[in-house]
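Residues per chain are reported as follows:
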There are 2 protein chains.
Amino acid sequence: MSDSTCPSIDMDRFFSPRSIAVIGASSEPSKLGHKLMRNIIEGGFSGSVFPVNPRGGEILGRTAYADVLDLPDVPDLAIIALPAAMANEAIDRCGRAGIPFGIVVSAGFGEAGNAEGEEELVNTARRHGMRILGPNVFGFIYTPSSLNAQFGPSRVLPGRVAIITQSGALGASLMGKVFDEGIGVSGVVSTGNKADIDDVDLLSFFCSDPNTDAILMYIEGLKDGRRFQSVIDDLSRSKPIIVLKSGRTEEGARVVRSHTASLAGRDRIFDGAFRQSGVLRAGSIREALDWTRALINLPVPEREEVLLITNGGGLGAITVDGLMENGIPLYDDVEWIEREMGSIFPAYATMNNPVDITAQAPYGSYLKGLKKAIEEPSIGSVIGIYSPTAGADMDDFTKGIVRTVGGAGKPVLLCSFGGSDAIEQIKRLGAEGIQAFYYPEEAVSSLSALIRSSRSKKRTPTNSNRSSGPTEGLTIHLGENKPGFMDAASALDMIERAGIPTARRWVVHDEEGLKAAVDGSKGPFVLKALSADIVHKTEAGAVVLGIGSVSGLLEKYRDLSSISKSALLMEQLKGVELIIGAVRDPVFGPCVMFGLGGTMVEVIDDVSFRTAPLSMEDALMMISETRAGEIMEGFRGSGPIDKGSIAEAIIRLGELLLLNDRIEEIEVNPLMASPSGIAAADARVRFGI
Amino acid sequence: MSDSTCPSIDMDRFFSPRSIAVIGASSEPSKLGHKLMRNIIEGGFSGSVFPVNPRGGEILGRTAYADVLDLPDVPDLAIIALPAAMANEAIDRCGRAGIPFGIVVSAGFGEAGNAEGEEELVNTARRHGMRILGPNVFGFIYTPSSLNAQFGPSRVLPGRVAIITQSGALGASLMGKVFDEGIGVSGVVSTGNKADIDDVDLLSFFCSDPNTDAILMYIEGLKDGRRFQSVIDDLSRSKPIIVLKSGRTEEGARVVRSHTASLAGRDRIFDGAFRQSGVLRAGSIREALDWTRALINLPVPEREEVLLITNGGGLGAITVDGLMENGIPLYDDVEWIEREMGSIFPAYATMNNPVDITAQAPYGSYLKGLKKAIEEPSIGSVIGIYSPTAGADMDDFTKGIVRTVGGAGKPVLLCSFGGSDAIEQIKRLGAEGIQAFYYPEEAVSSLSALIRSSRSKKRTPTNSNRSSGPTEGLTIHLGENKPGFMDAASALDMIERAGIPTARRWVVHDEEGLKAAVDGSKGPFVLKALSADIVHKTEAGAVVLGIGSVSGLLEKYRDLSSISKSALLMEQLKGVELIIGAVRDPVFGPCVMFGLGGTMVEVIDDVSFRTAPLSMEDALMMISETRAGEIMEGFRGSGPIDKGSIAEAIIRLGELLLLNDRIEEIEVNPLMASPSGIAAADARVRFGI
């Protein structure tokens, strides 16, 4: 229901209200209206809190008012803790009282099939110029205002991470988790059904909030992916945004729909949009928390090369596997390693990367090794994996780490691997803001988040680097196209007008036409029956490959005539079969795709997505994410293929969808690519009504 | 150096020796020879321990002997804690003393480039009929004998897991980890360089050991993959074997080589061999420990369908994503869920799978839900994800879980998600043997291990179900083949003789021969220059596809003549392009592969491996692991492809390598597959010297 025409709102009064009304406040401890009141009061909120309850009396030491219209003051925020059926009336009265912000905690709206009730709420609020959070939320916390306006846990550790969660229960339990992990929060907001105030409003606030350094989001779905992306594209360059999104699988998406009425959308497109916007998508809750902690405690690396120092060769091997799988390069100046590390470690240590100092090396030399690596500017980050050996003075060792690693100007990620000594050390280091992990794989994962965050910050935002404005051909006169698929010849003509190279071709209607077309051309040719009705042409027997001679062509044309008199004759191209396409996604609107093409495209399943418009940088990144991207540098002895021209074609397909509302889908498959260039050899274009 | 001719040895005296000699025992606490003595004595070993040190005197209260030949008794085991240069002499003296087992803890052998020294050790031991563990190990622990014969940590929790680790440091720190996680061990053995006693000897012992329920292995490489597999194939059906293998990536393999001189081998082949043998390969150390704990504490499920009960919809969605990604089916009797769960939970709960009981449901009804699910025989296993809500009586709740879940006849995996209350509960449940996890993803991962373990147990071992003995054609007279590649025609002839269908074809040497061959055939044809020198034919321009007419063929034949007068004319086949192959791996010997074929095979990278011989069941499983396997049921409207005939062809390729030592490699690409059958359209065969 929120859309891009919504005015950008100033959320300051929402997060730092002077006074708050709790509609449905209660003296009964089991009621949400009681828990909310209590959390607000016990959380230390310094403004006024007005309980509203038709029965009046006193609630938690405060005079209750029968009606929000009776309040002595106009609060900045009203929290509505009433059954769903009474929420609309309450919003209306709050609006009439001039309250600018409301929170509807009540469930029983869109997520329970009551979409009308939800729409009514929003309409009522809009009528009064009021903005509302919810319904189906637990409320929010904002620690700089000492405001705990939610009915979940009361223990909150103030800090610099903002949590935005679509699931209230997950948010509440996550609060317990971060408390226990020592991750302090600036804010926690439950977004629930996002009927009005949504992720974008909250992200905008937290990204400009000086009290917040990183944002952790749990998302089940987005109502307007484009608006989300347009905001986040800039925001993610100033603060890391870590996202956990469920509904990755079809069954997961079903659960999401019944939970917060969200459209989980095509997960691949979410994935592409997140990458495009510099959002860090975590694979698990644990990973999201590890990443968050690393991102608020460590600087982003200036170089990507990592040096690994370990006293366990096996742990070193496991760590290197993880680094490679995350595409993190190893620092490879072996001369430096031999010279500098060789001066510290005994001869049995392996002077390479990892520096395997072996179990015989005491922690003192391990610390010296860490120090050298921290001081060397050509090393981007340092991973230290140490299994405490029996008899080590753990207190001295831990203090040594704090002295050596504390305040390093580059990421240093440690793993103390072992039993209670190691676990104790990790906890002590954590309290000092030093990132130490229980398992080496988790240090690797966190470093990968730091490196991706560093890439995000350097990224050119999509909007400022997109290909120059619409060119000739991109706004096409489409009036005459019926809904459904264009025939292949028209589709190829259309994408050619849009500036995408296509194979040389002729439309023929009779044998004479065929002969005339072939005359002077060398072949081989491809001949296809021309009909918009035949979509999967290969299966219908309408494609004939590699016909070299005129007599052979005529013979095949006669065969095809049973399907269609009109045929498309094309030069057969050599090269690698790619696919490029554009599709209109319900969440993100026009999106583009790239991958390995051919008839097995679904099986090969090597495609990446981005939303349109996209920059040249985005398009190149998208190509590099696929296996098809690997062959652009040359394949089986052939020369390199120009990625730029493919990227340009992808960008143009996106523009076509952006500028022409009626085009629902374009698929160019195969796009033949070779060192001599690219050309579309087939295309499908589908029009909407 | 160990090979399949090694006699299977009785390791009982090694693990339960009556007496032990420690060669290099020392009074100096920092020396390994001291730590070993101390651990053995303090560990409570009830047999005799003889320190051996040329200086004599007393060590840890025991009389030291100057020479192992002076001992009053012949120990069953000698532990050699001397510098590498002195180890061989010590082994020799132990052998002369009649000691049957030795452990060489010393480093400085194969892993440090001293392969000769290592070989010398083994030869010396063999001469005396002595078996040795090491070199480059920390020793071992066997808790049923109260024997702690290693120089690492002294704290050991007796239990039912055996740990076999190639990395000493990793093993030592893992001991700390399992102690802290409450996972008790029956044994811990460091295998180091595996010069003599290796994984197979140890696995054989632990698999028949009544004190061991599960085996956790860390492997960097194997010297003889076939011997490993032949033993493990049976063993894994009696006890779960969890493997952590490093060297997954090229860089990781480099680290492994410098660490324990191991050949990490082709990781994909390891992966295939592990699957084939029912070994559970974990992706991380944490996962390996989670799996181990689940496998020793929970029964394997009788059915795979899982019911999920949660009080957090978001957590439910995350869990379902994980289940789907692990191929675990959801219990789908919604009628049962509505009836049975509906009687417990209020109307706002979602009666589906997951059963989302919402944050409003008290733990008492959660427990009732768990109980119902545990009692329903058609539910294979139960996952319960609960975020403790504020104010819950955690003590009562935890006791309730113990009452409800303890002793369930099916796997019940719980996740208490939240802060200190949840963490405390997980620890208490763990102490009762109830599997509760910090994160839902970890419950899913452990369930996937249980399900795979259950499949392993049901698996027919490879050896008892392989295709009937070698048939005509599999033992081929190969004397005349030169080392290197066969030409394509001979290669196709060979695999045809081996019983694999091939495309119809003719070898032609002149235009007359070409005309005669084409006569009476309809085409289209493929014409290839015939030369063993041209391996990547497509690139050399030697393949011409889809030539329909005789005149076209003659024209192309003339073109090809510049490359080779001999040409292979083949009928062009329709269908999906697959690849099947066989290769001789340095670790596992003859192996087979299957995947999507065509010229892009390396890029598409959709292949799975198995070792040969393999059963029909193995071959079908191998097919189902690939994306290519997905299209066997039908693709874009065409009918199903017979997996059995492909599996049979794969098995035959494996047999070819097994029976013909000189064949190094066979690759059939493409193997054309369609509903009407399969046929090899091209083949490469490489011979060794």
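All values derive from a computational prediction rather than experimental measurement. (Residues numbered from 1 in each chain as written. Chains lettered and ligands numbered in written order. Predicted model: local features only at pLDDT ≥ 70, side-chain atom pairs only at ≥ 80, totals over all residues. Heavy atoms only, no water.)

Colleague: Could you clarify how one ought to interpret the overall build of chain A in this entry?
Modeller: Secondary structure summary: chain A contains 23 helices and 30 strands in total. Here the C-alpha coordinates of chain A stretch approximately 95 × 80 × 40 Å along the principal axes. In chain A, the share of contacts with a sequence separation of at least 24, taken over all contacts with a separation of at least 6, comes to 73%. Of the roughly 25200 Å² of accessible surface on chain A, a fraction of 49% belongs to carbon and sulfur atoms. (Helix = DSSP H or I, 4+ residues; strand = E, 2+ residues; numbered from the N terminus. Contact = heavy atoms within 4.5 Å. Areas by Shrake-Rupley, 256 points an atom, 1.4 Å probe, with all protein chains shown as cover.)

Colleague: Explanation requested: the pairing of strand β26 (residues 589-596) of chain A in the structure shown.
Modeller: Successive residues of a regular strand alternate their side chains across the two faces of the sheet. All names here are of chain A. Most of β26 sits inside the fold, with 8 of its 8 residues counted as buried. In this sheet, β26 lies alongside strand β25 (residues 576-585) in antiparallel orientation, the contact comprising 8 bridges. Paired with I579 across the two strands is G595, which belongs to β26. (Buried < 20%, exposed > 50% of the residue type's maximum accessible area, 1.4 Å probe, protein only. Pairing = 2+ DSSP bridges.)

Colleague: Hey, could you run me through the environment of B:V405 in this one?
Modeller: All names here are of chain B. With respect to the helices and strands, V405 occurs in helix α14 (residues 394-405). C-alpha separation for the pair V405 and I374, spaced 31 residues apart in sequence, amounts to 7.8 Å. Not counting residues within four places of it along the chain, the set of residues in contact with V405 comprises L370, I374, V412, L414 and I434.

Colleague: Mind showing me how you'd approach the relation of the copies chain B and chain A here?
Modeller: Two copies of one chain are present, and they are related through a rotation about an axis combined with an axial shift. When chain B is fitted to chain A, the best match, at an RMSD of 0.1 Å, comes from turning it 180° and sliding it 0.0 Å along the axis. In the structure described here, the two chain copies are related by an operation that fits a two-fold rotation axis. Interface residue correspondence from chain B to chain A reaches 100%, placing this contact among same-surface, isologous pairings. (Least-squares fit on C-alpha atoms with pLDDT ≥ 70 in both.)

Colleague: Could you clarify how one ought to interpret the packing of aromatic side chains in this entry?
Modeller: Note on aromatic pairs: each is described by the distance of the centres and the angle between the planes. Within the structure shown, the criterion is met by 42 aromatic pairs over all chains. Aromatic side chains B:F50 and B:Y65 sit 6.0 Å apart centroid to centroid with 85° between the ring planes, which places their arrangement in the edge-to-face category. Of this pair, B:F50 sits in strand β2 (residues 48-52) while B:Y65 sits in the loop between β4 (62-63) and β5 (77-80), and the two are 15 residues apart along the sequence. An aromatic cluster of at least three residues, connected via ring pairs, comprises A:F14, A:F15, A:F101, A:F140, A:Y142, A:F205 and A:F206. Sitting above the plane of the A:Y439 ring, B:K177 keeps its charged end 4.6 Å from the centroid. (Phe/Tyr/Trp six-rings, centres within 6.5 Å; stacked < 30°, edge-to-face > 60°. Lys NZ or Arg CZ within 6 Å of the ring centre and 35° of its normal.)

Colleague: Help me understand the interface of chain B and chain A in this model?
Modeller: Many analyses report the size of an interface as the accessible area lost when the parts associate. The interface of chain B with chain A comprises 77 residues on the first partner and 77 residues on the second. Taking both partners together, chain B and chain A bury about 6100 Å²; carbon and sulfur atoms supply 59% of that area. Scanning the region where chain B abuts chain A turns up 4 salt bridges. In this structure, B:R248 and A:E325 form a salt bridge, with 2.7 Å as the shortest nitrogen-oxygen distance. (Buried area = accessible area lost by both parts, 1.4 Å probe. Salt bridge = Lys/Arg side-chain N within 4 Å of Asp/Glu carboxyl O.)

Colleague: Quick question: what am I supposed to make of the sheet that holds strand β6 (residues 101-104) of chain B here?
Modeller: Residues and elements named next belong to chain B. Taken in spatial order, the 5 strands line up as β2-β1-β5-β6-β7 in an open sheet, and their pairing is parallel. Sheet topology places β2 and β7 (131-133) at the edges, where each strand pairs with a single neighbour. Averaged over all pairs of adjacent strands, the angle between their axes in this sheet comes to 20°, without regard to strand direction. As defined by bridge partners, β6 adjoins β7 across 3 bridges and the pair is classed as parallel. Looking at β7, one finds that F101 is bridged to R131. Strands β1 (19-23), β2 and β5 of the sheet are contacted by helix α2 (residues 32-42), whose axis makes an angle of about 160° with β1. (Axes fitted to C-alpha atoms, helices over the stretch in contact; angles between N-to-C directions.)

Colleague: Just to check I follow, could you spell out the packing of helix α5 (residues 168-181) of chain A against helix α10 (residues 285-297) of chain A for this structure?
Modeller: Two packed helices can be described by the angle between their axes and the distance between those axes. All names here are of chain A. Look at α5 against α10: their axes get within 12 Å of each other, and the N-to-C directions meet at 50°. When the axes of α5 and α10 are compared, the pair comes out oblique. As for the relative orientation of α5 and α10, their crossing is right-handed in sense. Mapping the contact onto sequence places L170, L174, K177, V178 and E181 in α5 and I285, L289 and R293 in α10. A breakdown of the residues in the contact of α5 with α10 according to their chemical character gives 5 nonpolar, no polar and 3 charged. (Parallel < 35°, antiparallel > 145°, perpendicular 65-115°, else oblique. Left-handed = near helix turned anticlockwise from the far one by under 90°. Nonpolar A, V, L, I, M, F, W, Y, C, P; charged D, E, K, R; others polar.)

Colleague: Just checking my understanding: could you explain the pattern of salt bridges for this structure?
Modeller: Note that side chains of opposite charge can pair when their charged atoms are close. Going through the model one piece at a time under the given rule, you end up with 86 salt bridges over all chains. Here B:R131 makes a salt bridge to B:D201, at a shortest N to O gap of 3.4 Å. Remark: B:D201 occurs in helix α6 (residues 199-208) and B:R131 occurs in strand β7; sequence separation between them is 70 residues. When its relative accessible area of 9% is taken as the criterion, B:R131 is described as buried. Looking at B:D201, the relative accessible area reads 5%, which means it is buried. As a salt-bridge pair, B:E625 and B:R275 come within 3.6 Å of each other at their nearest N and O atoms. Note that B:E625 is positioned in the loop between α21 (616-624) and α22 (627-630) and B:R275 in helix α9 (residues 267-276), a separation of 350 residues in sequence. A relative accessible area of 30% means that B:E625 is categorised as partly exposed. Through salt bridges with shared partners, one network takes in A:K245, A:D267, A:D271, A:R275, A:R281, A:R610 and A:E625.

Colleague: Can you help me understand the nonpolar core in this one?
Modeller: A general tendency of soluble globular proteins is for nonpolar side chains to be buried together. In terms of nonpolar packing, the biggest core is built from 102 residues, with A:I646 and B:I646 touching the most fellow members. With near-sequence residues (within four places) excluded, A:I646 lies in contact with A:L578, A:I580, A:F594, A:I623, A:M632, A:I641, A:L671, A:A673 and A:I678. Core analysis: the second largest hydrophobic core is formed by 98 residues, A:L323, A:L413, B:A282 and B:A449 among them. (Core = buried A, V, L, I, M, F, W, Y, C linked by side-chain atoms within 4.5 Å.)

Colleague: I keep staring at α10(A) and nothing clicks. Help me out?
Modeller: Helical geometry: 3.6 residues make up each α-helical turn, so side chains three or four residues apart lie on a common side. In this model α10(A) runs 18 Å from its N-terminal to its C-terminal C-alpha over 13 residues, within 8% of the 18 Å that 1.5 Å per residue would give. Along α10(A), 10 of the 13 residues are buried, which leaves the element largely enclosed by surrounding structure. (Expected span 1.5 Å × (residues − 1).)

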